[in-house]
Amino acid sequence: MSKIVNGASLKPRSGAEPKQIVLLLHGFGSSGTDMIALAPHWQDAMPDALFLAPHAPQRCGTMGAGYQWWGLSGFAPAALAAGAASAAPAIDAFIDKKLAQYGLTEADLALVGFSQGTMMALHVGLRRPRAVAGVVGYSGMLTGTLGVPKIGVAKAPVLLVHGSADGIVPVAAVHMAESELNRLGVEVTTHVSHGVTHSVDPVGLRLGRDFLAEAFDQST
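Residues numbered from 1 in each chain as written. Predicted model: local features only at pLDDT ≥ 70, side-chain atom pairs only at ≥ 80, totals over all residues. Heavy atoms only, no water.

1. A short note on the environment of G74
- Position of G74 among the secondary structure elements: in the loop between β5 (67-68) and α2 (77-102).
- As a C-alpha pair, G74 and Y138 span 64 residues in sequence and 19 Å in three-dimensional space. (Helix = DSSP H or I, 4+ residues; strand = E, 2+ residues; numbered from the N terminus.)

If you want it as structure tokens, here you go:
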């Protein structure tokens, strides 16, 4: 199993010990340094949250200095499911370490992903032994549902945000994910940002902030 370490972080604005952790998972060819840019937009709503944005464990050879959760060569369902499954143990180990370090539980944890990071946030967040507070996914997709507990088992609420003009991960992915998550009994909210490409717009940022703040409130 590859080991990951934190790439970038932002301490709680309150100055107190963290009461929540927001784990930010970057996209293919990006880094935690890029992903941590979301955190300042959300600190006011979650002043006691620690934001952690680790680098993925693998260097991305095609994208210069970037990182990858696994070598992404296409969008074939079987390959995506296998890739996410191969990367998950490193993220789970990182989560276990951080929860233990701060004396927190899954109820105090939210996962946020962008693109390939969304694939990982959904994969890991829906399969933890205990439900996390929430999962937010931008411009990504659900790689598969094998191993996700069926209806009757507590699962994290999910927010998925996608741009209608996304040329990398088609917007149809968000509708497919919504259908599958509903089938599994996951509480899922979706938003399509009109005209937005493979990125996060101000509306998406606001929706993510409000969703996470409420998810933490509901989980306490």
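2. Some remarks on the packing of α2 against helix α3 (residues 116-125)
- Contact geometry of α2 with α3 gives a least axis separation of 9 Å together with a crossing angle of 70°. In this view, α2 runs roughly perpendicular relative to α3, as classed from their interaxial angle. As α2 runs across α3, the sense of the crossing is right-handed. Residue-level inspection shows L80, A84, A85, A87, A88, I91, D92 and I95 of α2 in contact with α3, the latter providing M119, M120, H123 and V124. (Axes fitted to C-alpha atoms, helices over the stretch in contact; angles between N-to-C directions. Parallel < 35°, antiparallel > 145°, perpendicular 65-115°, else oblique. Left-handed = near helix turned anticlockwise from the far one by under 90°. Contact = heavy atoms within 4.5 Å.)

3. Concerning unusual backbone geometry
- Here S115, not a glycine, exhibits a phi torsion of approximately 55°, which is positive.
- By the element assignment, S115 lies in the loop between β6 (109-114) and α3.
- The exposure class assigned to S115 is buried, which follows from its relative accessible area of 9%.
- Of note in this structure, S139 is not a glycine but carries a positive phi near 55°.
- Within the secondary structure layout, S139 lies in the loop between β7 (134-138) and β8 (158-163).
- With a relative accessible area of 1%, S139 lands in the buried category. (Buried < 20%, exposed > 50% of the residue type's maximum accessible area, 1.4 Å probe, protein only.)

4. Some details on the pattern of salt bridges
- What the rule picks out here adds up to 7 salt bridges.
- Between K19 and D48 there is a salt bridge, and its shortest N-O distance comes to 3.8 Å. With K19 in the loop between β1 (8-10) and β2 (20-25) and D48 in the loop between α1 (32-35) and β3 (49-53), this pair connects stretches of sequence that are 29 residues apart.
- K19 sits in the partly exposed class, given a relative accessible area of 48%.
- Given a relative accessible area of 18%, D48 falls into the buried group.
- Residues R128 and D96 are paired through a salt bridge, measuring 2.6 Å at the closest nitrogen-oxygen approach. Remark: D96 occurs in helix α2 and R128 occurs in the loop between α3 and β7; sequence separation between them is 32 residues.
- Classification of D96 by relative accessible area gives partly exposed; the value is 42%. (Salt bridge = Lys/Arg side-chain N within 4 Å of Asp/Glu carboxyl O.)

5. Points about the sheet that holds β6
- The strand order across the open sheet built from 7 strands is β1-β3-β2-β6-β7-β8-β9, with neighbouring strands paired in mixed fashion. At either margin of the open sheet sits one strand with a lone partner, and together these are β1 and β9 (188-193). Across the sheet, the mean angle from the axis of one strand to that of its neighbour is 15°, orientation sign disregarded.
- Examined bridge by bridge, β6 and β7 share 5 bridges and lie parallel to one another. (Pairing = 2+ DSSP bridges.)

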